[in-house]
Amino acid sequence: MNRLVLFLLISLSCWSCTEEHFIKDAQYRSKVEKRFNERKEFASNRSKDLFNVFDQNLTNQEKEALQFLYAYMPLNDLADYNGNFFLKQVRSAFDAKNTFAYGQQIPDEVFRHFVLPYRVNNENLDSARWVFLEELKPRLKGMSMKDAALEVNHWCHEKVNYTPSDMRTSGPLSTVRTSWGRCGEESTFTVTAMRSVGIPARQVYTPRWAHCDDNHAWVEVWVDGKWSYLGACEPEPELNIGWFTEPARRAMLVHTKVFGDYQGTDEVVRKTKNFTEINVVNNYADVKKIHVRALDANGKPVKDAVVDFGLYNYAEFYPISRKHSDDNGLAFLTTGLGDLLISVSKDGQYANRKITVASTDTLELVLGDKHFGEMPAELNYVPPVEKKPFHVDESKKKENEIRLEQEDKMRHDYRATFIDSIASVTLAKECNVDPQLCWSFMKKSHGNWREIKKFIEDARAVKLEKHATELLNQISDKDLRDTRAAILMDHLSNSVNKHNVDDYKSKDIYNNYILNPRISNEWLIAYKAYLQKHFDGKLDGERGEKVTQLKKWIVDNIQMNKKDNYYNLPITPIGVNELKIANKQSRNIFFVAVCRSIGIPSRLEPTQKLPQYFDGNQWMTVFFEKSVDEQPITGLLKIRYDNAKFDPQYYTHFTIGKLNNGIFETLEYDWDKKLSTFPKTLDLEEGEYRLITGKRGADGTVYTYMNHFNISKNLPFELELKFRDPDIQEKVLGTLDLESKLMNKVNEEIKLKDLKKKDAILLMWLEPGKEPTRHVMEEFLPAKNKYNTWGGHIAVLQNDEITNESLSDTFFKNMPTDFAVYKDKGNTLFNMAKSELGIKGKIPKPLILILNEKGEMKFHSNGYKIGIHDHITKLLEKGMK
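Residues numbered from 1 in each chain as written. Predicted model: local features only at pLDDT ≥ 70, side-chain atom pairs only at ≥ 80, totals over all residues. Heavy atoms only, no water.

Chemist: Residues and numbers for the packing of helix H4 (residues 60–72) against helix H6 (residues 83–99), please.
Modeler: At a minimum axis separation of 10 Å, H4 and H6 run at an interaxial angle of 120°. The angle between H4 and H6 places the two elements in the oblique class. In this structure, the crossing between H4 and H6 has a hand that is right-handed. Along its contact with H4, which presents Gln61, Glu62, Ala65, Leu66, Leu69 and Tyr70, the element H6 presents Gly83, Phe86, Leu87, Val90, Arg91 and Phe94. (Axes fitted to C-alpha atoms, helices over the stretch in contact; angles between N-to-C directions. Helix = DSSP H or I, 4+ residues; strand = E, 2+ residues; numbered from the N terminus. Parallel < 35°, antiparallel > 145°, perpendicular 65-115°, else oblique. Left-handed = near helix turned anticlockwise from the far one by under 90°. Contact = heavy atoms within 4.5 Å.)

Next comes the structure, spelled out in structure tokens:
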């Protein structure tokens, strides 16, 4: 008997020893375990919710995978989710790996970093991984990894296509429910879908384009041992094809965040304890490795200086990479062949200089030299040159186009299930709310309409329907698309039933800063009942007294952490209270949430996002880092601008930045706020500032004006906004035959020459449903009056593959008055234009041409270029000869 027991014990012991590890490398596994134990202690306030999951019957692989996720996850995930949620993510990832044959081809380190991680960027997390897996399993059965990746992207296109929206990233399931999203949401959704079926995937992005004021995100998948790219929700017949191929060939940086301690061979842009940001621009563009050396006044190398590689975009020099100098004072970056503004700083000292990457090897900057050149500087920033498109085999294109049309129809059929105006009017009558207002909310809610309908019905049931519409008026369009009724009811009932609107100076104060659940860019949750219960009896006295007590409670109880919330998604107010750890943004949101919950009007100040409360007469700023005696000294800046023909916009044509510890930080005024509505006098902290203005030419070159100035308490400073107009080069790019024939909407033939009005013919080939075309159509609106003043005719040319259904009235809603759609039968004129322009490959649409009276092409643009309408209207105003 004893021998049998001993044999069983030895057998079980051996089985346990041979159970497969998730992390094969023992040294790496030891590093993860150490980091996990540190995080366990770090998040001890949520020990039960997060770590009791390890008491379950886990396999060795599940345990190690879960430890890996806990070791490197951001603060907001430790604060706002529980262990069972993360275990389900782990089990779903292994389920996918074991379901598909290609799962066994994936190296452990690739699976660990590019399949297992549940988070892509700063999206709201949900159950998408296992929901998507169950739906896609039968569809991908027996496919190779490459075919599966292409098929998943078709599935994504069935569900979602591109439409601009605000910068908060909805979760994948919310994106599906809405059926559209911006590129960041499309790529987050697509990466989630790929990973859900065991395909290694990552979101890559250019933080800013060099040739236009915008950025873009797309997807890379690991297939057959290498990384390939695709456009998210934009299926092509093969990998490494996308509308952004040509822009990406002009990129200065393309990068991606890799979850955890990544040991790959890629160039590292940034390395932290939680993630590694790698540079993959050499997969797309012609590049060069440049070095920057920071020196002190004696010419000696400076270690740990901040080195910013600044790219002009959105009227600021955006640091596409921020590095620190090594022992030799050096930092490097592999980047595209355009122009950059390089800045170095340390201990308040700084220096900067413009460079052209192609002609730079090592740049030396001496700290303390400040800006390069004169105080006001006029400089041109040139992007990498535009290249001829790659030749693309279009043999499979027709078949793919047919699939795309079918997928568009599936998406449109789904959208047809959304509530219509008739049902909305019925709801409004039943719930005693304004029908127009109700339809506005229901229409904006898209696939979330049932939740908004339920909220209005629930509010009516407790006689709060009027307050309900006021609440819905406060939240964003995206909130209407992804917020549940129960969350909205928490804010409604725990505001109206606890705080009387008559106790406030105005109804607007109450609606905006008590009732309103939206504070910043956080995910909306139901926090008011929770916070009211938690702070019941802890705060007393008048508003100011309660605020003082609340500030002290936060300082005493909430530990500040600057580094661990690396995806920049705010921790929810409940998460801050549970974890007792926050970054600055999350702490400020928490302060505002508590104030609103206990009846104190509160907000984040619009410019610097500092927490404020309304004392009954004015807004009072709460400084957590400064005492009242340390509040900043301010001075006045007066802005002068005299050009009535041009109304510049903030973050498009100009910005103002303040020097903080050697780094200029852009002041956060409203995005695209026109100067005509901008404050003419600004109350700014004392210090050094920088004005940047810029206009972009058709080739992407930016014509900048930069001025440095100081603000002092007793010396108001008057600042004149100056702008430099881009050079408009006139040359003949080719000639089109004016006798070429098109078909009008009633199928009558019309000659190209008959489209001329004024002295020009404006031709546009568009691609409905694709992101570049959507941008161009959106940007027609602000340029509409200029086109109408020009008075010419715009010809939208319909290629054979573009259906009539794609060119709906909604598609043209922002167009000027005088336009019409013509069929370019057999793509005759399009192919003629390609030939004249010397392009053999696929031309990225939109393709825009301006012809003069002789049919000479005087202007050509393909793909998306922000500000293109401004450039076109200038050309048209000048006249074509």
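Chemist: Break down helix H24 (residues 584–597) for me, with residues and values.
Modeler: Across its 14 residues, H24 extends 20 Å between first and last C-alpha, which sits within 8% of the 20 Å expected from 1.5 Å per residue. Here H24 lies mainly inside the structure; 12 of its 14 residues are buried. Of the positions making up H24, those classed as buried are Ser586, Arg587, Asn588, Ile589, Phe590, Phe591, Val592, Ala593, Val594, Cys595, Arg596 and Ser597. The first or second residue beyond H24 is Gly599, which carries a positive phi of 95°. (Expected span 1.5 Å × (residues − 1). Buried < 20%, exposed > 50% of the residue type's maximum accessible area, 1.4 Å probe, protein only.)

Chemist: Go over the environment of Glu33, please, and point to the residues and values.
Modeler: Its location among the elements puts Glu33 in helix H2 (residues 26–42). We classify Glu33 as partly exposed; its relative accessible area is 34%. Along the backbone, Glu33 and Tyr70 are 37 residues apart, and their C-alpha atoms lie at a distance of 9.9 Å.

Chemist: Please set out the packing of helix H14 (residues 421–431) against helix H16 (residues 449–461) residue by residue, giving values where relevant.
Modeler: Where H14 contacts H16, the axes come no closer than 10 Å and their chain directions differ by 15°. Comparing their axes, H16 and H14 come out roughly parallel. In the packing of H14 onto H16, the handedness of the crossing is left-handed. Residues Leu427, Glu430 and Cys431 of H14 lie in contact with H16, whose contacting residues are Lys453, Ile456, Glu457 and Arg460. Tallied by class, the residues present in the contact of H14 with H16 amount to three nonpolar, no polar and four charged. (Nonpolar A, V, L, I, M, F, W, Y, C, P; charged D, E, K, R; others polar.)

Chemist: If you had to explain the layout of surface pockets to someone new, which residues and values would you point to?
Modeler: Considered as a void within the structure, the second largest pocket measures approximately 730 Å³ in volume. Glu386, Asp699, Lys731, Leu733 and His860 are, among the 25 residues lining the second largest pocket, the residues nearest its centre. Looking at the lining of the second largest pocket, the elements that each hand over two or more residues are strand E35 (857–862) and helix H28 (868–878). By residue number, the principal contributor to the lining of the second largest pocket is E35, which donates five residues. (1 Å grid on protein atoms, 1.4 Å probe; cavity = no way out; pocket = protein on both sides within 12 Å on 5 of 7 lines; lining within 4 Å. Points joined across faces, edges and corners; volume = space filled by probe spheres on them.)

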